[in-house]
Amino acid sequence: MSFTLNSKKIAAALLATTLVMSLSACSSWDKRSRNTAIGAGAGAIGGAVLTDGSALGTLGGAAVGGIIGHQVGK
């Protein structure tokens, strides 16, 4: 079994990891802001996975996830 990582996959993983880890600083945010950030993080991870690490897929997933997270509980 051979594991190969290209720069797109590494960049997508680093972006998603950074976004998720930065959520720990969100304890003083209101519920809507926190849901937006969580949605964006989940969307970025989902977009990266579904598009095999494409930067455009990662950003698109983050945008869609952020919108959905913002609308949850409205």
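Visitor: For this particular structure, what's the right way to read the packing of helix 1 (residues 7–22) against helix 2 (residues 31–50)?
Guide: Two numbers describe a pair of packed helices, the interaxial angle and the distance between the axes. Running from N to C, helix 1 and helix 2 cross one another at 165 degrees; their axes reach a closest spacing of 9 Å. In terms of orientation, helix 1 and helix 2 fall into the roughly antiparallel class. The chirality of how helix 1 crosses helix 2 is left-handed. Between helix 1 and helix 2, the contacting residues are A12, A16, L19 and V20 on the first element and A40, G41, A44, I45 and A48 on the second. Taken together, the residues of the contact of helix 1 with helix 2 break down into eight nonpolar, one polar and no charged.

Visitor: Is there a simple way to think about the environment of S33 in this case?
Guide: The topology assignment puts S33 in helix 2. In sequence terms S33 and G69 are 36 residues apart; their C-alpha atoms lie 8.4 Å from each other. Reaching out from S33, the side chain makes a polar contact with the side chain of D30 at a distance of 2.6 Å.

Visitor: Help me out: how do you make sense of helix 3 (residues 55–71) in this one?
Guide: Residues lying three or four places apart along an α-helix face the same way, a consequence of the helix completing one turn every 3.6 residues. Between its first and last C-alpha atoms helix 3 spans 25 Å; for 17 residues at 1.5 Å apiece the expected length is 24 Å, and the two agree. The residue sitting at the N-terminus of helix 3 and contributing the capping side-chain oxygen is S54; that oxygen lies 3.3 Å from the backbone nitrogen of L56.

Visitor: Would you take a moment to explain unusual backbone geometry for this structure?
Guide: The bulk of non-glycine residues show a negative phi, and the bulk of peptide bonds are trans. With a phi angle near 60 degrees, D52 is a residue other than glycine that sits in the positive phi range. Along the chain, D52 turns up in the loop between helix 2 and helix 3. By relative accessible area, D52 is classed as exposed at 53%.

Visitor: Looking at this structure, how should I read the side chain of T58?
Guide: Within the element layout of this structure, T58 appears in helix 3. Relative accessible area serves as the criterion here: at 1%, T58 is assigned to the buried category. With residues up to four places along the chain from it excluded, the contact list for T58 reads A12, L15, G43, A44, G47, A48 and T51.

Visitor: Sorry if this is basic, but what is going on with the packing of helix 2 against helix 3 here?
Guide: Contact geometry of helix 2 with helix 3 gives a least axis separation of 6 Å together with a crossing angle of 150 degrees. If you check the angle between helix 2 and helix 3, you find them roughly antiparallel. When the axes of helix 2 and helix 3 are compared, the crossing they make is right-handed. Within the contact between the two elements, helix 2 uses R32, N35, T36, G39, A40, G43, A44, G47 and A48 and helix 3 uses G57, T58, G61, A62, G65, G66, G69 and H70. Of the residues belonging to the contact of helix 2 with helix 3, the class tally is four nonpolar, twelve polar and one charged.

Conventions we followed
- Residues numbered from 1 in each chain as written.
- Predicted model: local features only at pLDDT ≥ 70, side-chain atom pairs only at ≥ 80, totals over all residues.
- Heavy atoms only, no water.
- Axes fitted to C-alpha atoms, helices over the stretch in contact; angles between N-to-C directions.
- Helix = DSSP H or I, 4+ residues; strand = E, 2+ residues; numbered from the N terminus.
- Parallel < 35°, antiparallel > 145°, perpendicular 65-115°, else oblique.
- Left-handed = near helix turned anticlockwise from the far one by under 90°.
- Contact = heavy atoms within 4.5 Å.
- Nonpolar A, V, L, I, M, F, W, Y, C, P; charged D, E, K, R; others polar.
- Polar contact = N/O pair within 3.5 Å; in protein donor to acceptor, adjacent residues only side chain to side chain.
- Expected span 1.5 Å × (residues − 1).
- Buried < 20%, exposed > 50% of the residue type's maximum accessible area, 1.4 Å probe, protein only.

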